[in-house]
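Residue-level listing of the chains:
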Amino acid sequence: MYATDDFFDIFEQQQIDNTNTLVHLEADLENTEWYNNSIYKVVYDYILKNNLRVPRQLSYPPADAMTIFNPFSLNHDHLTDTEINNGIASGIYDSGMITYNVIFYCRDDARSVKNLIQKKVTRKYTDDEQRILNSSLESYTPGDYPFIISYRLPGKGIETTKITRTLKF
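Asks: Help me out: how do you make sense of the pairing of strand E2 (residues 23–27) in this one?
Replies: A regular strand carries its side chains on alternate faces of the sheet. The buried fraction of E2 is high, at 4 of 5 residues. Strand direction decides the pairing type here: E2 and strand E5 (residues 144–152), joined by 5 bridges, are antiparallel. Its bridge partner lying in E5, Leu25 is registered against Ile149.

Dropping the structure here:
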C-alpha cells in the first residue's frame, strides 16, 4: 500500500499485460536473498540454459511481474488537460497498491519445468534436474525485496530516472 500526493494515471500504472507504461517496476532479483536461495533461481538458470522460454509479456525470470494499481482510478484513470495545466486532479485518490507478483509466475514456470523433466525419455537426470524434481514450490520468506522504479519517456522507452526501493515481507 502506498500514499502519495501524486496521481498515477493509466499511462503510468504498470499492469502485467501492458509493458509500455511510463513508470516501470522491476524486482531486483539479483539482490533478493529469497530468490537467490530458492529453487526458482535454479529453475530459471535451467530455463535460460536450455532455451525453454515461450513468448510472453514477462521476462525470464519474471522480475517485471509487479504492478501499480489504484482501485479508485477505474472511475477517473486519465488526467485531463485542465487538471495537468492547473496541477490539481479532481476526484483522484492518493493511495493505491504496488503488487509483487513474482512468485505466481515462478511457481507456474517451475511446474512446467518439472513436467518437462519428468517426460525425459532417458530418465537420467542432471544434478539441477534432480534438485528441481525433488523441490517443493517455495513461498516468500520474511525479508527485504528490493525493486527498481524507472521512468521512461513516452513513445521512446528511454529510461530517464531510476531509483531503488525495498518492500519488506
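This is not the end of the story, as more comes after the structure.
Asks: What is the right way to read the packing of helix H2 (residues 39–49) against helix H4 (residues 102–118) from this model?
Replies: Helix packing geometry: the angle between the two helix axes and the distance between the axes. One can describe the packing of H2 onto H4 by two numbers: an axis separation of 10 Å at closest approach and a directional angle of 60 degrees. The orientation of H2 relative to H4 falls into the category oblique. Judged by the twist between their axes, the crossing of H2 over H4 is left-handed. Packed against H2, whose contacting residues are Tyr40, Val43, Tyr44, Tyr46 and Ile47, the element H4 presents Ile103, Tyr105, Cys106, Arg107, Asp109, Ala110, Val113 and Ile117 at the interface.

Asks: Sorry if this is basic, but what is going on with the environment of Thr166 here?
Replies: Tracing the chain through its elements places Thr166 in strand E6 (residues 159–168). Along the sequence, Thr166 and Pro146 sit 20 residues apart, while their C-alpha atoms lie 4.1 Å from each other.

The rules we used
Residues numbered from 1 in each chain as written. Predicted model: local features only at pLDDT ≥ 70, side-chain atom pairs only at ≥ 80, totals over all residues. Heavy atoms only, no water. Buried < 20%, exposed > 50% of the residue type's maximum accessible area, 1.4 Å probe, protein only. Helix = DSSP H or I, 4+ residues; strand = E, 2+ residues; numbered from the N terminus. Pairing = 2+ DSSP bridges. Axes fitted to C-alpha atoms, helices over the stretch in contact; angles between N-to-C directions. Parallel < 35°, antiparallel > 145°, perpendicular 65-115°, else oblique. Left-handed = near helix turned anticlockwise from the far one by under 90°. Contact = heavy atoms within 4.5 Å.

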